[in-house]
Amino acid sequence: MRALRRLSTPVVLLGVVLHVPLAGQAKLSDSVRSRVDQVFADLDRRDRPGCALAVYLNGQIAYERGYGMASLELGVPISPASFFDIGSTSKQFAAFSIFLLKNDGKLSLSDDVRKYIPELPRYDKPITIRHLLQHTSGLRDYNGLLALAGHAFEDYTTDDDALDIITRQKAVNYPVGTAWSYTNTGFFLLSTIIKRVSGKTLREFAQQRIFDPLGMRATHFHDDHKMIVAGRATAYTEKDGGGWEIEMSNWDQTGDGAVNTSVEDLLRWDENFYQPKVGDAALLREFLEPGKLDTGAPIESGYAHGLFVDTYRGLRRVHHGGAWAGYRAGLTRFPDQHFTVACLCNYAAANPDEFANAVADVVLADKLAAPPLVAPSGAAKVVLPHDDLKAKEGLYVDSAGTAFLEIKATEDGLSANQGFEFQLRPVTAAVFQGGPGGVAHLEFTPDGRGGMRARLEIGAFLKETVTRIPRWEPRVAELREYVGKYHSAELDATYTVAVDQGKLVVRWV
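Residues numbered from 1 in each chain as written. Predicted model: local features only at pLDDT ≥ 70, side-chain atom pairs only at ≥ 80, totals over all residues. Heavy atoms only, no water.

A. Expanded view of the overall build of the chain. Each helix and strand in the chain was counted, giving twelve helices and 26 strands. Taking 23 Å as the expected radius of gyration for a compact globule of 509 residues, we find that the chain reaches 23 Å, a close match to that expectation. Each of the three principal axes of the chain carries a C-alpha extent, and together these read 70 × 60 × 50 Å. Expressed as a percentage of its 509 residues, the buried residues of the chain come to 52%. Accessible area of the chain: about 22,200 Å², with a carbon and sulfur share of 51%. (Helix = DSSP H or I, 4+ residues; strand = E, 2+ residues; numbered from the N terminus. Rg over C-alpha atoms; globule rule 2.2 N^0.38 Å. Buried < 20%, exposed > 50% of the residue type's maximum accessible area, 1.4 Å probe, protein only. Areas by Shrake-Rupley, 256 points an atom, 1.4 Å probe, with all protein chains shown as cover.)

Set out below in structure tokens:
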């Protein structure tokens, strides 16, 4: 996903056995529709943004609805025809474009990226197109780099801005091909390769080779923030103290995101995986093959090429979420059931992936295995002594020393902070769940040396083990040693560092 924000917790309906035919006519019964609507009940209002939903069954739309408002200013409700920026759900379209060029004989997935982008520095070993497709390049995320250089969502940034800051980086986050780490940089670079190989922008290429052939004529890669999109929902975020404010972006990069589409248009793309009109069966099989590290070890997240391939409660699942500015998106397919949920939202606290799982819980209830360990709704809360919670406090770091997690005890659980703060409730003495969309899972174990280790998982995007380290409590005199002006050639940015009320404060110059 292109940006991580707070994510809401949906209503999840478990244990409801509904006999919905998964062959023949693609219609949900009235009772099933009612239960699906309950998942979105909090959004079905005229004073807030919300989501568009479509349920695909056997190649048809079995149910579609809009919940909430596409425009609070104009009083326009969301409908299944409303358009949204789908953020990182776009990555599958960039990846598929690369596969089409591969089938054309124009490139190979094993090609060194510098063959097409020679301005990229030479690192410890060549970065291939496959590394970009599978997030194993080690390249730093350009969204984060631009943010560190002082660019906000509302700033205007171009492909040249992104390529400049990427090619300034003197190192990668880890040796190429040795780990999986989600980064938007790889997919932006894919858009650059597509342009240089085909002579067309990604927007033009995808339009001619994917969207038009599938009849998705209004769907497009949005590479011009000034372009008017008929029927597009405005994106919002919650204001402190209540209410809403607009949160849109003027970044014009594509590849890692930027597809604008509707839940109705996405049906045509989804059905291409069953009856291909673009590409063929062999291409699709390779496209959906989960990736491997250079050692041959499988990628733990199940990432293929712009898509996660895994299981949900015993059923095969292909999915990808997206987040950009105030937009949130998710497309979740259960291929063996020929069943898909498309959910596109226009508020920053939404979690469409979890909404999709909740809809699957309703429609596929008699086909799903028992849910994983959760704190069931209505069940008695697990209450731990405060001393037990305090014993888990501290600063935790991953093995590379680059990702930090701060844990603090709260009144009835834990607060975790990894650049954004989220709350966790105990499920057992060692297992805590909650966080963005309720998908954060934190499990504590001794590290074997008298210390504490924790395994953090947030959906499919983040899976890491961190170990508690001693906290440095500096004196003010020690902090003053860091006061001064600093320049980063890699970011082309200058900062001042000062001490304010016993803390270091960093500001852009």
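On we go.
B. Quick look at helix α1 (residues 30-39). Every buried residue belonging to α1 is among Val32, Val36 and Val39, and all of these are buried. The buried residues of α1 occupy an angular sector of 40° when the element is viewed end-on, so they sit on one face. Buried residues in α1 make contact with β1 (51-57), β2 (60-67) and α10 (352-363). (Arc of directions from axis to C-beta. Contact = heavy atoms within 4.5 Å.)

C. Expanded view of a nonpolar patch on the surface. Taken together, Trp472, Tyr482, Tyr486 and Leu504 make up a surface patch of nonpolar side chains, about 420 Å² in accessible area. Residue position: Trp472 is located in the loop between β23 (462-469) and α12 (476-480). (Patch = residues over 30% accessible without salt bridge, like charges linked within 9 Å, V, L, I, M, F, W, Y side chains within 5 Å. Salt bridge = Lys/Arg side-chain N within 4 Å of Asp/Glu carboxyl O.)

D. Structural detail: the sheet that holds strand β24 (residues 484-488). Here three strands make up an open sheet; going across it, the order is β24-β25-β26 and the pairing antiparallel. Edge positions in the open sheet fall to β24 and β26 (503-508), since each of these has one partner strand only. The sheet shows a mean angle of 30° between the axes of neighbouring strands, direction not considered. Pairing geometry for strand β25 (residues 493-500) and β26, over six bridges, is antiparallel. Residue pairing across strands places Val497 opposite Val506, the latter belonging to β26. (Pairing = 2+ DSSP bridges. Axes fitted to C-alpha atoms, helices over the stretch in contact; angles between N-to-C directions.)

E. Highlighting the packing of aromatic side chains. As enumerated under the stated definition, the model contains 24 aromatic pairs in all. Summarising the aromatic geometry, the rings of Trp269 and Phe273 are spaced 5.1 Å apart at their centres and angled 85° between planes, so their arrangement reads as edge-to-face. Considered together, Trp269 and Phe273 belong to a single accessibility category, that of buried residues. Taking 6.3 Å as the distance between ring centres and 65° as the angle between the ring planes, the aromatic pair formed by Tyr312 and Phe334 counts as edge-to-face. Highlighted residues: Tyr312 in strand β12 (residues 308-312) and Phe334 in strand β14 (residues 327-334), separated in sequence by 22 residues. Taken as a pair, Tyr312 and Phe334 share a single burial class, namely buried. An aromatic cluster of at least three residues, connected via ring pairs, comprises Phe93, Phe96, Phe99, Phe211, Phe221, Trp269, Phe273 and Phe287. The side chain of Arg48 reaches across the aromatic face of Tyr347, ending 4.6 Å from its centre. Across from the ring centre of Phe273, 4.0 Å away, lies the NZ or CZ of Arg333, which sits over that ring. (Phe/Tyr/Trp six-rings, centres within 6.5 Å; stacked < 30°, edge-to-face > 60°. Lys NZ or Arg CZ within 6 Å of the ring centre and 35° of its normal.)

F. Representation of the environment of Ile98 within the structure. You can see Ile98 is positioned in helix α2 (residues 91-103). A residue is classified by how much of its surface remains accessible, and Ile98, at 0% relative accessible area, is buried. Considering only alpha carbons, one finds Ile98 and Val39, 59 residues apart in sequence, at a separation of 37 Å.

G. Spatial organisation of the sheet that holds β14. The six strands lie next to each other as β2-β1-β15-β14-β13-β12, forming an open sheet whose pairing is antiparallel. Two strands lie at the open edges of the sheet, namely β2 and β12, each paired on one side alone. Averaged over all adjacent pairs, the angle separating strand axes in this sheet is 20°, with direction ignored. Each of β1 and β2 is contacted by α1, which is oriented at about 40° to β2, the strand it contacts most. Across the sheet, helix α8 (residues 263-271) touches β1, β2, β14 and β15 (339-345), and the angle it forms with β1 is around 35°.

H. Quick peek at the pattern of salt bridges. Within the structure shown, the criterion is met by 26 salt bridges. With its nearest N and O atoms 3.7 Å apart, the salt bridge here joins Asp212 to Arg217. Linked through salt bridges whose partners overlap, the residues forming this network are Asp37, Asp44 and Arg65.

I. View of the side chain of Thr185. Looking at the secondary structure, you find Thr185 in helix α6 (residues 184-198). The class of Thr185 is buried, set by a relative accessible area of 0%. Reaching out from Thr185, the side chain makes a polar contact with the backbone oxygen of Arg140 at a distance of 2.5 Å. If we skip the residues at most four places from it in the chain, Thr185 touches Leu139, Arg140, Asp141, Tyr142 and Ile166. (Polar contact = N/O pair within 3.5 Å; in protein donor to acceptor, adjacent residues only side chain to side chain.)

J. Fine view of unusual backbone geometry. Positioned with a positive phi, Ala325 is a non-glycine residue whose angle comes to about 50°. Locating Ala325 in the fold gives a position in the loop between β13 (315-324) and β14. Despite not being glycine, His338 shows a phi value in the positive range, around 50°. Relative to the assigned elements, His338 resides in the loop between β14 and β15. Judged by relative accessible area, His338 falls into the buried class, the value being 18%.

K. Highlighting the packing of α2 against helix α7 (residues 202-214). The geometry of α2 relative to α7 is characterised by a closest axis approach of 10 Å and an angle of 75° between their N-to-C directions. In terms of orientation, α2 and α7 fall into the roughly perpendicular class. Contact with α2, carried on its side by Phe93, Ala94, Phe96, Ser97, Leu100 and Leu101, involves Leu202, Phe205, Ala206, Arg209, Ile210 and Phe211 of α7 and no other residues of that element. Here the residues of the contact of α2 with α7 are counted per class, giving ten nonpolar, one polar and one charged. (Parallel < 35°, antiparallel > 145°, perpendicular 65-115°, else oblique. Nonpolar A, V, L, I, M, F, W, Y, C, P; charged D, E, K, R; others polar.)

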